[in-house]
Amino acid sequence: MSTEMTTRGYLTAALVPLGEQWKRMRRILTTKVVSQAKHQWFYAKRTEEADHLDGGPGLEEEEHVYAIFTILHYLYSFCASDFVPCLRWKFDLDGHEKAMKKVVEIIDKYHNPIIEERIRQWRIGFKKEIEDLLDVFIILKDGASNPPLSTNEINAQIREIMIATVDNSSNAVEWAIAEMINQPEILEKAIEELDRVVGKERLVQESDFSQLNYIKACAREAFRLHPIAPFNVPHVSISDTTVANYFIPKGSHVLLSRLGLGRNPKVWPDEPLKFKPERHLREDGSEVVLTENDFRFISFSTGRRGCLGVTLGTSMTVMLFARLLQGFTWTAPPNETKIDLSKAEDSLALAKPLIAVAKPRLAEHVYRNL
Ligand code: HEM
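Residues numbered from 1 in each chain as written. Predicted model: local features only at pLDDT ≥ 70, side-chain atom pairs only at ≥ 80, totals over all residues. Heavy atoms only, no water.

Chemist: Explanation requested: the site of the ligand in the structure shown.
Modeler: By nearness alone, 22 residues border the ligand, and Trp 22, Arg 26, His 235, Arg 305 and Cys 307 come closest of all. A distance of 2.8 Å separates an oxygen atom of the ligand from a polar atom in the side chain of Ser 301. Elements with a minimum of two residues in the shell around the ligand: α2 (18–33), α10 (151–182) and α14 (310–327). Looking at the shell around the ligand element by element, the count peaks at four residues for α10. Among the residues making up the shell around the ligand, the classes are represented as nine nonpolar, ten polar and three charged. (Near = heavy atom within 4 Å. Polar contact = N/O pair within 3.5 Å; in protein donor to acceptor, adjacent residues only side chain to side chain. Helix = DSSP H or I, 4+ residues; strand = E, 2+ residues; numbered from the N terminus. Nonpolar A, V, L, I, M, F, W, Y, C, P; charged D, E, K, R; others polar.)

Chemist: How should the coordination of the iron atom of the ligand be read in this particular structure?
Modeler: Metal coordination angles in their ideal form are 109.5 degrees for the four-donor tetrahedron and 90 or 180 degrees for the six-donor octahedron. A lone protein donor binds the iron atom of the ligand: Cys 307 (SG), at 2.3 Å. Along the polypeptide, Cys 307 turns up in the loop between α13 (258–262) and α14. (Donors = N, O, S within 2.8 Å, 3.2 Å for Na, K, Ca; no water.)

Chemist: Is there a simple way to think about the packing of aromatic side chains in this case?
Modeler: Two aromatic rings, taken as a pair, are described by how far apart their centres are and by the angle between their planes. Inspection of every chain in the model, using the stated rule, returns five aromatic pairs. Relative to Trp 330, the ring of Phe 328 has its centre 6.0 Å away and its plane inclined at 70°; by these criteria the two rings are edge-to-face. For the pair formed by Phe 328 and Trp 330, the shared burial category is buried. Considering the side-chain rings of Phe 328 and Tyr 367, the 6.1 Å spacing of their centres and the 40° angle between planes classify their relative orientation as tilted. You can see Phe 328 sitting in strand β5 (residues 328–331) and its partner Tyr 367 sitting in helix α15 (residues 364–368), a full 39 residues away along the chain. Residue Phe 328 shares its accessibility class with Tyr 367, and that shared class is buried. One aromatic cluster in this structure is built from Phe 328, Trp 330 and Tyr 367. Cation over ring: Arg 224 sits above Trp 268, and NZ or CZ is 5.4 Å from the ring centre. (Phe/Tyr/Trp six-rings, centres within 6.5 Å; stacked < 30°, edge-to-face > 60°. Buried < 20%, exposed > 50% of the residue type's maximum accessible area, 1.4 Å probe, protein only. Lys NZ or Arg CZ within 6 Å of the ring centre and 35° of its normal.)

Chemist: I'm lost on the pattern of salt bridges in this one. Help?
Modeler: Pairing between side chains of opposite charge can happen when their charged atoms approach one another. By the definition in use, this model includes 21 salt bridges. With a shortest N-O distance of 3.2 Å, Lys 127 and Asp 135 are connected by a salt bridge. Through salt bridges with shared partners, a single ionic network connects Arg 118, Lys 127, Glu 131, Asp 132 and Asp 135. (Salt bridge = Lys/Arg side-chain N within 4 Å of Asp/Glu carboxyl O.)

Chemist: I keep staring at the side chain of Arg 323 and nothing clicks. Help me out?
Modeler: Locating Arg 323 in the fold gives a position in helix α14. Arg 323 gets classed as buried once you look at its relative accessible area, which sits at 2%. Engagement of the side chain of Arg 323 in a polar contact is seen with the side chain of Asp 51, the distance being 2.6 Å.

Geometry only, nothing functional implied.
This is how it looks when you write it as structure tokens:
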């Protein structure tokens, strides 16, 4: 399957046909940006970010996050011109094009000056050391023959990575904590695991992850029960194929229902609608992972178009989740016994953003070291 949908195409707009562009970018991202080697290399950066647990967003951060989430909204929404491409250039029937341009402008307002200045610093030799992903994009060469990425391509990739990374982890963690406040016995088990594996004298580190099976089972359960979007990103079949009893002709737009998969009672017979992390634990105690390659639900998806950021996405999700649970005792707000788990009308997010009481549960010096 391959994807050439309008919204994504708009984001990665470039001079070569999208199929070629996608192949080139996917190759670059896989080998140079999100490779295992780079992941190890960025360990210190991730730890630094994870230590920024305190402090709220300022006005600029809020505008930036708003723009990213608006793009995501359109990325997942139905767009007539995805099915009748000629509509895209002549009429903007859905108004998506206009709305996207507006928010991309907001993002460019924040990103472009930083990107352009960094490119300049490399060009004049002021900058010589790779310190973050932007540096990686600026200096990388795609094989021996291809020049480095153009400024436009770097802009598009930085945007794309922001969009790809921001929603899944936060949505899963928000839902998981909400569910766990309503089922305190699950919260207790998670805390018990954290205290046993990590203790209370230091914060969770990535090296602890392999032993945090219950925490990962809770995150996995959040992905199963509360995916970020009802469908996966649309794919197009590149040849005739048959899946189960269905014949899918070449060129079909294929959408997989993430809720249909994750809540299917035939696959999840034990109370499929209940948040029950135990269903992901194996009797032999083998390690729980957030990926799901058998499509029993969709977390990172799989195959040619599967997520490129599995390792980073897993680290981000587990770190965010584990530190929030380790650092605070979570309860419903005063005068409320339960968190309202209704979902929003126009998305699968919580209808009301999670509001809960977070009481520090570690000694002060553990937070002070951040
Ligand atoms: C918990 C975190 C994440 C989850 C659950 C997640 C999930 C997904 C899913 C479901 C897809 C669509 C796959 C398909 O349609 O078959 C996807 C695509 C993608 N993801 Fe992630 N993702 C996460 C984090 C990240 C991160 C951290 C990065 C990059 C650094 C990333 C980069 C991408 C890219 C580039 C694609 C598009 C791949 C393509 O179209 O070929 N993701 N992701």
